[in-house]
Amino acid sequence: MGKAISQTNSKSIQALFKSFYVVPDFQREYVWKRQQVRQLLVDLKEARDSNNQDTYFLGSIVVFQDGPEKYSLVDGQQRLTTLYVLFCAIRDRIRHLDPNGDIDFLTACIAGTSVAVGGVSERHHRVTMDFEADKRVLEQIGEAKAHEVALKKREAGRPILDAYLEAAEFLDDQYGEDLPGLRSFAYYLLTQVEIIVVETEDFLQALVIFERINDRGLGLSAVDLLKNLLFKSSSPDQHTKLAKEWRQIIDTLRHGGEKNYLRFLRYFLVAHYNFERMPKAEEVFSWIVEHRDGLGIGRETSRFIQQVRRAAEAYVRMLEGQAPDGGANDYILGIANQGSSVRQHLPILLAGRHLSPTEFRRLSRAMECMTVVFALANAQWNEMERRVPGWCRQLREASTPADVDVFISEQVNQAVREHLPAAHEKLNGTKEMRPGLLKYFLARLAQTVDRECGKDHDLGAYLKAKVTIEHILPQSLPESVVREGFGSVEAAKSYVYRLGNLTLLHSGANAAAQAQPFEDKKRIFERSDYELTRSLVTDIELGRDTKYGKTRTKYGLTPFEVWSAENVEKRQQALVKVMNELWGL
């Protein structure tokens, strides 16, 4: 460890910002949120207000020299970037309060000149980044053009802009028109705040130290540590290519809506390698180091990272409701529409993506069935996670339709059967189901019936906001009307939230139906776009040998003259038949 460190110095912020720092592209982007920026500023002001002349230490950074007075920043970039943005905000605030006042002491910390090859002086910002979006935003802030930056909430570079806005608001809140107080705060930052600079001999030695540091920043996750291990295990001439491929992985996950990169890494490992149980977050990197030879890290680092990249692309496509190759897959689309919290099927599908398209669709169907039943039964997903490593191992070895048959029947269907009674029970009282899941469930049933009738609508057509859930028997009917079909108001209440009492309607039609009796709703139901809703009240018009007739006969979808407890039960039995057909229960 001693040989890895060239020198360690404690430097004031003023001395620190006499050099130039580059955040290389293998680093993570600036990710601090506004509350983290605010906390740092509060800590600094509290230290200043304590009237204490002692030095305030702000942690450490790890760098290696990459030119005259130029350093690559391996650790500490979140903190150093925040300080840089703070100086820009102080400069802009002083200019606002005193347009002709002295700000040279600040501008010297924001930008400076260095001598380029040929003896020509060049002006550079003290902190720059290799990420294009962050670099552009940081440069505009450095040039006092923060007001020209227009970024959407989740757009790349937005965290840096938010850091500047938070700093500007903090200065306004704390100092207002108090220019002397603001200048005093700036002087304190420059002279009394120090950072320990760990300077190493080269890039790889910096990474050794980086792995061991977990200070005021967000902490090093297994994803960060894996990235560093990959760089350490590859030759310098591969670093540019490796950095590009790593950036593609992170961009793919971020743009695909997966913010938890570590979750993807856990799922990737379990899908591709043998585990006895799902690894905990804190165990992931240790496992990687222990099995680095088997993973090919060092000997075949490029092959390993390409494997990760391909898995990330497949993972994101499945998050978006597509097959791993980007093709259409109704079952994966169905799972994607259950809600963003449903992820447990992904390692299993990753493990099975080598299967033929036909067998993969069968696997996807089984996965949608399992996720629906688990959701209906309110089953604990940690129970499911205990099975995942073994399931993935079995799927990796599957190569024939018979192998897939065995896996689905012995593994997935067994798990489904364990929770099917509870799922069916939930359908007798859907009030307890979250509305989004209930609407998705009805949408899948309506889509299945429509498709068998020859109307091939995308699932999204049933999930639009203008499509709503209609309670055929509402709670607010007059007692005389309710008694006719259900015996009493109390008895009727037990049927309001049954699956058989629900259907889908466009919101305009639903509003018209409202609390009307069934007789008055018939004309609304018969004009519905959905065959499942129309079948409540309309007979088969084109003959029983048509697609419409065969579909209705298959499921027992018969029209009703009156709406009663008996007919709710009949309707529920028909919908359960549709569910069984859809998912092969």
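Refer to the structure above for everything that follows.
Residues numbered from 1 in each chain as written. Predicted model: local features only at pLDDT ≥ 70, side-chain atom pairs only at ≥ 80, totals over all residues. Heavy atoms only, no water.

Student: Just to check I follow, could you spell out the overall build of the protein for this structure?
Tutor: A tally of helices and strands in the protein yields 28 helices and ten strands. Relative to its full complement of 585 residues, the protein shows a buried share of 52%. Restricting to contacts in the protein with at least 6 residues of sequence separation, those with at least 24 account for 70%. As presented, the protein carries roughly 26200 Å² of accessible surface, and 48% of it is formed by carbon and sulfur atoms. (Helix = DSSP H or I, 4+ residues; strand = E, 2+ residues; numbered from the N terminus. Buried < 20%, exposed > 50% of the residue type's maximum accessible area, 1.4 Å probe, protein only. Contact = heavy atoms within 4.5 Å. Areas by Shrake-Rupley, 256 points an atom, 1.4 Å probe, with all protein chains shown as cover.)

Student: Is there a simple way to explain the side chain of Gln338 in this structure?
Tutor: Looking at the element boundaries, Gln338 is found in the loop between helix 15 (330-336) and helix 16 (346-351). Side-chain polar atoms of Gln338 contact the side chain of Thr371, separated by 2.8 Å. Not counting the four nearest positions on each side in its chain, Gln338 is found in contact with Glu368, Thr371, Val372, Arg434 and Tyr440. (Polar contact = N/O pair within 3.5 Å; in protein donor to acceptor, adjacent residues only side chain to side chain.)

Student: Got a minute to help me understand the pattern of salt bridges in this structure?
Tutor: Pairs can form between side chains of opposite charge once their charged atoms are near each other. Here the structure, examined in full by the defined rule, presents 34 salt bridges. A salt bridge links Asp92 to Arg91; the nearest nitrogen and oxygen atoms lie 2.8 Å apart. Take Asp92 and Arg91: they sit in the same class, and that class is buried. A salt bridge links Glu418 to Arg387; the shortest N-O distance between them is 2.7 Å. Residue Glu418 is found in helix 19 (residues 401-426), and its partner Arg387 is found in helix 18 (residues 381-396); the two are separated by 31 residues along the sequence. Overlapping salt bridges, with partners in common, bring together Arg34, Arg38, Glu166, Glu169 and Asp173 in one network. (Salt bridge = Lys/Arg side-chain N within 4 Å of Asp/Glu carboxyl O.)

Student: Please clarify how the nonpolar core should be interpreted in this entry.
Tutor: Generally speaking, soluble globular proteins have nonpolar side chains that are buried together. Leu265, Ile288 and Ile348 are the most contacted members of the largest nonpolar core, which has 106 residues in total. By residue number, the principal contributor to this core is helix 17 (residues 357-377), which donates eleven residues. Sequence-distant contacts of Ile288, defined by excluding residues within four places in its chain, comprise Leu226, Leu229, Leu265, Leu269, Leu295 and Ile297. Judged by nonpolar contacts, the second largest core, of 58 residues, contains Ala47, Ala146, Leu161 and Ala186. (Core = buried A, V, L, I, M, F, W, Y, C linked by side-chain atoms within 4.5 Å.)

Student: Sorry if this is basic, but what is going on with the pairing of strand 8 (residues 193-200) here?
Tutor: Moving residue by residue along a regular strand, the side chains alternate between the two faces of the sheet. Along strand 8, seven of the eight residues are buried, which leaves the element largely enclosed by surrounding structure. Bridging between strand 3 (residues 56-65) and strand 8 involves seven bridges; their strand directions are parallel. Directly across from Val63, in strand 8, lies its bridge partner Glu199. (Pairing = 2+ DSSP bridges.)

Student: Teacher, can you tell me more about the side chain of Arg158 here?
Tutor: Counting through the fold element by element, Arg158 comes out in helix 6 (residues 158-175). Excluding its chain neighbours within four sequence positions, the residues that come into contact with Arg158 are Leu151, Lys152, Lys153 and Leu165.

Student: Help me understand helix 23 (residues 489-496), please; the structure alone is not making it clear to me.
Tutor: Side chains that are three or four residues apart share a direction in an α-helix, a result of its 3.6 residues per turn. Those residues of helix 23 that sit buried are Ala492, Tyr495 and Val496. On an axial view of helix 23, the arc spanned by its buried residues comes to 105°, and they lie on one face. (Arc of directions from axis to C-beta.)

Student: Just checking my understanding: could you explain a positive patch on the surface for this structure?
Tutor: On the surface, a cluster of positive charge is made up of Lys33, Lys153, Arg154 and Lys259. Structurally, the position occupied by Lys153 is in the loop between helix 5 (132-142) and helix 6. (Patch = residues over 30% accessible without salt bridge, like charges linked within 9 Å, V, L, I, M, F, W, Y side chains within 5 Å. Lys, Arg positive; Asp, Glu negative; His and termini not counted. Charge placed at Lys NZ, Arg CZ, Asp CG, Glu CD.)

Student: I tried to follow the environment of Arg393 on my own but got confused; where do I start?
Tutor: Mapped onto the elements of the fold, Arg393 is located in helix 18. Under the relative-accessibility criterion, Arg393 is labelled partly exposed at 24%. Considered as a pair, Arg393 and Ala271 are 122 residues apart in the sequence and their alpha carbons are 7.5 Å apart. Sequence-distant contacts of Arg393, defined by excluding residues within four places in its chain, comprise Asn274, Phe275 and Glu276.

Student: I'm lost on unusual backbone geometry in this one. Help?
Tutor: Negative phi characterises most residues that are not glycine, and trans characterises most peptide bonds. Phi angles above zero are rare outside glycine, and Ala144 is one such case at about 60°. Its location among the elements puts Ala144 in the loop between helix 5 and helix 6.

Student: Just checking my understanding: could you explain the packing of aromatic side chains for this structure?
Tutor: Aromatic rings considered in pairs are described by the distance between their centres and by the relative angle of their planes. Scanning the model with the defined rule gives twelve aromatic pairs in all. Considering the side-chain rings of Phe560 and Trp563, the 5.4 Å spacing of their centres and the 70° angle between planes classify their relative orientation as edge-to-face. Here the two residues Phe560 and Trp563 agree in accessibility, since each one is buried. By the ring-pair criterion, three or more aromatic residues cluster together here, those being Phe264, Phe268, Tyr273, Phe275, Trp287, Phe304 and Tyr315. Taking NZ or CZ as reference, Arg126 lies 4.5 Å from the ring centre of Phe20, over its face. (Phe/Tyr/Trp six-rings, centres within 6.5 Å; stacked < 30°, edge-to-face > 60°. Lys NZ or Arg CZ within 6 Å of the ring centre and 35° of its normal.)

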